[in-house]
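Results of the structural survey
If you want the building blocks of each chain, they are given just below.
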Amino acid sequence: MFKSKERTLHVGPDGWSTQIGRVSGARKWSEIASVSESAGFVVITSKNGNALVVPSRVLPDPGSWQQFVKDAHSWHQEHAV
């Protein structure tokens, strides 16, 4: 189910967490099946099939976006089972 409302997303070495209003969720990188980048989006897909789609516009400049992509791939690979 697609949720189009604006959300807060935090991504770090342990995984990600998100919040939409009072609803929140989180996943550890070990729970993530894949991280892929395509056409200005990063898709973080969990092993249960749910996905987060992160558009490049959420970061202030191309350098920040590239660092985010690099970090997300790296953190996922470090915890891949």
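Below, the structure is looked at part by part. If you're wondering where the values come from, they're calculated on a predicted model, not measured in any experiment.

A word on the overall build of the protein. A tally of helices and strands in the protein yields one helix and six strands. Reading the secondary structure of the protein in the N-to-C direction produces β-β-β-β-β-β-α. Scaling as 2.2 N^0.38, a compact globule of 81 residues should have a C-alpha radius of gyration of about 12 Å, and the protein matches this with 12 Å. Projected onto the principal axes, the alpha-carbon positions of the protein cover approximately 30 × 30 × 20 Å. Put simply, the protein shows about 5,700 Å² of open surface, and 51% of that area lies on carbon and sulfur atoms. Averaging the coordinates of the 9 positive side-chain charges in the protein and doing the same for the 7 negative ones gives two points 11 Å apart.

Here we come to the pairing of strand β6 (residues 51-55). The pairing of strand β5 (residues 41-46) with β6 spans five bridges and is antiparallel. When the sheet's bridge partners are listed, V42 is paired in β6 with V54. Between β5 and β6, which pair antiparallel and follow one another directly, the connecting turn spans four residues, one of which, G49, has a positive phi of 100°.

Before going further, it helps to spend a moment on unusual backbone geometry. Its identity as a non-glycine residue notwithstanding, A39 has a phi of 50°, on the positive side. Turning to its location among the elements, A39 is positioned in the loop between β4 (32-38) and β5.

Inspection of every chain in the model, using the stated rule, returns two aromatic pairs. Summarising the aromatic geometry, the rings of W29 and W75 are spaced 6.4 Å apart at their centres and angled 40° between planes, so their arrangement reads as tilted. Taken as a pair, W29 in the loop between β3 (23-28) and β4 and W75 in helix α1 (residues 62-79) lie far apart in primary sequence, 46 residues in all. Of the residues examined, W29 reaches a relative accessible area of 0% and is grouped as buried. For the ring pair W65 and F68, a centre distance of 5.5 Å and an interplane angle of 40° mean the geometry is tilted. Of the two residues, W65 and F68 both sit in helix α1, three residues apart, roughly one turn of that helix. Judged by its relative accessible area of 5%, W65 falls in the buried class.

Parameters at a glance
Residues numbered from 1 in each chain as written. Predicted model: local features only at pLDDT ≥ 70, side-chain atom pairs only at ≥ 80, totals over all residues. Heavy atoms only, no water. Helix = DSSP H or I, 4+ residues; strand = E, 2+ residues; numbered from the N terminus. Rg over C-alpha atoms; globule rule 2.2 N^0.38 Å. Areas by Shrake-Rupley, 256 points an atom, 1.4 Å probe, with all protein chains shown as cover. Lys, Arg positive; Asp, Glu negative; His and termini not counted. Charge placed at Lys NZ, Arg CZ, Asp CG, Glu CD. Pairing = 2+ DSSP bridges. Phe/Tyr/Trp six-rings, centres within 6.5 Å; stacked < 30°, edge-to-face > 60°. Buried < 20%, exposed > 50% of the residue type's maximum accessible area, 1.4 Å probe, protein only.

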